[in-house]
Amino acid sequence: MRSELENRGVGFDQALAHLKEGRGGIRLPRWSPEVHVYLHRPALGEPMTHPYLAVESRFGLVPWIPTQVELLSDDWLLC
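Before going into details, it helps to say that this report is about the structure given with it. The shown structure was predicted, so the numbers you read here are calculated from the model rather than taken from an experiment.

1. Regarding the overall build of the chain
Within the chain, the regular secondary structure consists of three helices and five strands. Along its sequence from the N terminus, the chain presents helices and strands in the succession α-α-β-β-β-β-α-β. For the chain, whose C-alpha radius of gyration is 13 Å, the value lies close to the compact-globule estimate of 12 Å for 79 residues. Expressed as lengths along the three principal axes of its C-alpha atoms, the size of the chain is roughly 40 × 25 × 25 Å. Burial status across the chain gives 37% buried among its 79 residues. Long-range contacts, defined as pairs at least 24 residues apart, comprise 45% of the intrachain contacts of the chain with a sequence gap of at least 6. With the model as given, the accessible surface of the chain reaches about 5,400 Å², and the carbon-plus-sulfur share is 58%. Separation of charge centres in the chain, based on 8 positive and 10 negative side chains, amounts to 2 Å.

Shown next as structure tokens:
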């Protein structure tokens with residue numbers, strides 16, 4: 001169960017730390033419920049060689065770059 005602070009949302013800095021610690025995904029409340037951002041760490045032999053942010057939805061996993069609005073949002077939800 002998430003703490004009250006996490007349920008209210010956090011800044012992108014805290015959300016990114018959450019991803020880097022491998023504790024799950026993040027999402028913004030205005031996104032569809034099935035859309036989450038993860039830090040993807042490629043396995044040996046994958047075409048990508050370094051970790052990258054990726055958005056996962058029902059359509060699959062796609063590399064993702066946050067916009068300035070998303071970077072400055074304080075309502076990131078930790079999943």
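2. Brief notes about the pattern of salt bridges
All chains considered together, the criterion is met by three salt bridges. Among the ionic pairs, E21 bridges to R23, the shortest N-O distance being 2.8 Å. Put simply, R58 and E34 hold a salt bridge, and the shortest N to O gap is 3.5 Å. Taken as a pair, R58 in the loop between β3 (52-57) and β4 (60-63) and E34 in the loop between β1 (26-27) and β2 (36-40) lie far apart in primary sequence, 24 residues in all. Its relative accessible area of 35% is what places E34 among the partly exposed residues.

The rules behind these values
Residues numbered from 1 in each chain as written. Predicted model: local features only at pLDDT ≥ 70, side-chain atom pairs only at ≥ 80, totals over all residues. Heavy atoms only, no water. Helix = DSSP H or I, 4+ residues; strand = E, 2+ residues; numbered from the N terminus. Rg over C-alpha atoms; globule rule 2.2 N^0.38 Å. Buried < 20%, exposed > 50% of the residue type's maximum accessible area, 1.4 Å probe, protein only. Contact = heavy atoms within 4.5 Å. Areas by Shrake-Rupley, 256 points an atom, 1.4 Å probe, with all protein chains shown as cover. Lys, Arg positive; Asp, Glu negative; His and termini not counted. Charge placed at Lys NZ, Arg CZ, Asp CG, Glu CD. Salt bridge = Lys/Arg side-chain N within 4 Å of Asp/Glu carboxyl O.

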